[in-house]
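Chain and residue survey
Below, each chain spelled out in residue letters.
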Amino acid sequence: MKKLTLFFCVLLMISCQKELELVKANRTIDSTVVDHSPVYIFLDAKGKDTLAEVNRKNTIGTTNWIFNVDKRLPLKVAIPEIIQLQERRDKAQFHKNEEAGNFYSYTDSVQKTLAFMPFKEVKYTYNSYFSTIYIKENPDYHLHFQTFSVNFKLKNKVSVDGNEVEMSELFSFLKDYTTFAGEGKRILIYLNFDERLTFEHYLSKVIELKALENELVAISPIHFIYDKKKLPDCECGM
């Protein structure tokens, strides 16, 4: 695996001839993805503008797609590109493999190896939507769930259902809170991210919180990337 990882990293640098900094996290979700092809999303700075440069020239529709996303990209730049790629793949009529997945690549900072997080089932909402609005609009679906809305903000701040929590204590807080707060229901945790946060902030927190998942606790596959200025004037629990 180490040889394969080293080969992949060298191939990444040689084939692209561009700098791409991967997200770092302290655990591995998936260490091996077979039959894959790459998608590169680079950071392209032009003056004061930060743009995403997408290279998917070597993608094959029937394979697993590995998304190599520069960790420095703000979500407002990276996520629209990722959504477009998801939609393009879903709408493809030819050379399609329903079992093929989408994966984010990242570096396991403990094992010093390449790791992957599957996200084929993830659906992004963008700009003017927030999880508490979604929950209120879909009461029947959430009838048998105890829900929690986690909101990641600028300046390393985070809240749970509108209550501020220290970022360093978020995982333990949710682990303890969900243990006794379920009242016999399954726990469904929604994640919200300010669009000005970086892709590194997003992916590292998703990887961290997915460790909470078990038969009673789930991270919702709907991820909310919001523009605070475009959210409706509501009791959003931010």
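About the thresholds
Residues numbered from 1 in each chain as written. Predicted model: local features only at pLDDT ≥ 70, side-chain atom pairs only at ≥ 80, totals over all residues. Heavy atoms only, no water. Helix = DSSP H or I, 4+ residues; strand = E, 2+ residues; numbered from the N terminus. Buried < 20%, exposed > 50% of the residue type's maximum accessible area, 1.4 Å probe, protein only. Contact = heavy atoms within 4.5 Å. Areas by Shrake-Rupley, 256 points an atom, 1.4 Å probe, with all protein chains shown as cover. Patch = residues over 30% accessible without salt bridge, like charges linked within 9 Å, V, L, I, M, F, W, Y side chains within 5 Å. Salt bridge = Lys/Arg side-chain N within 4 Å of Asp/Glu carboxyl O. Pairing = 2+ DSSP bridges. Right-handed = clockwise from strand over helix to strand, strands pointing away.

To continue, consider the overall build of the protein. Scanning the protein for helices and strands turns up five helices and twelve strands. In the protein, which comprises 238 residues, the share counted as buried stands at 47%. Sequence-distant contacts in the protein: of pairs separated by 6 or more residues, those separated by 24 or more amount to 73%. Element-wise, carbon and sulfur atoms account for 51% of the exposed surface of the protein, whose accessible area totals about 13100 Å².

This brings us to a nonpolar patch on the surface. On the surface, a cluster of nonpolar side chains totalling about 300 Å² of accessible area is made up of Phe 173, Tyr 177 and Phe 180. Take Phe 173: it is sitting in helix α4 (residues 170-181). Judged by its relative accessible area of 31%, Phe 173 falls in the partly exposed class.

Time to look at the pattern of salt bridges. Under the definition given, this model contains twelve salt bridges. The salt bridge involving Arg 72 is made with Glu 19; its shortest N-O contact spans 4.0 Å. With Arg 72 in the loop between β4 (64-69) and α2 (75-91) and Glu 19 in the loop between α1 (2-16) and β1 (24-25), this pair connects stretches of sequence that are 53 residues apart. Overall, Glu 19 belongs to the exposed group, its relative accessible area being 53%. Here Arg 196 ties to Asp 194 by a salt bridge, and the two come within 2.8 Å at their closest N and O atoms. Given the relative accessible area of 3%, Asp 194 is considered buried. Connected through salt bridges with shared partners, the residues Glu 19, Glu 21, Asp 70, Lys 71, Arg 72 and Glu 200 form a single ionic network.

Turning to unusual backbone geometry, a few remarks are in order. The backbone of Asp 35 sits at a positive phi, close to 50°, despite the residue not being glycine. Its place among the elements puts Asp 35 in the loop between β1 and β2 (36-46). Using a relative accessible area of 52% as the deciding quantity, one classes Asp 35 as exposed. The backbone phi angle of Asn 127 is positive, close to 90°, even though this residue is not glycine. Mapped onto the fold, Asn 127 is located in strand β7 (residues 123-127).

Here we take up the pairing of strand β12 (residues 217-226). Of all ten residues in β12, nine are buried, a share of seventy percent or more. Here β7 pairs with β12 via five bridges, running parallel. What sits directly across from Lys 123, in β12, is Ile 222. Pairing between strand β11 (residues 186-194) and β12: seven bridges, direction parallel. Residue pairing in the sheet places Asn 192 in a bridge with Phe 224 of β12. As for the winding sense of the linkage, the β-α-β connection from β11 through helix α5 (residues 199-209) to β12 is right-handed.

Let us look at the pairing of β2. Taken together, the six bridges between β2 and β4 define a ladder with parallel strand orientation. Residue pairing for β4: Pro 38 is matched across the bridge by Ile 66. Hairpin connection from β2 to strand β3 (residues 49-55): two residues lie between these consecutive antiparallel strands, with Gly 47 at a positive phi of about 65°.

Turning to the environment of Asp 161, a few remarks are in order. Positionally, Asp 161 belongs in the loop between β9 (158-160) and β10 (163-165). According to the relative accessible area criterion, Asp 161 is partly exposed, its value standing at 35%. The spatial distance from the C-alpha of Asp 161 to the C-alpha of Ser 131 is 10.0 Å, given a sequence separation of 30 residues.

Mapping Val 206 onto the fold places it in helix α5. Along the backbone, Val 206 and Ile 219 are 13 residues apart, and their C-alpha atoms lie at a distance of 8.6 Å. Ignoring any residue separated from it by four or fewer positions in sequence, one finds Val 206 in contact with Met 117, Leu 191, Phe 193 and His 223.

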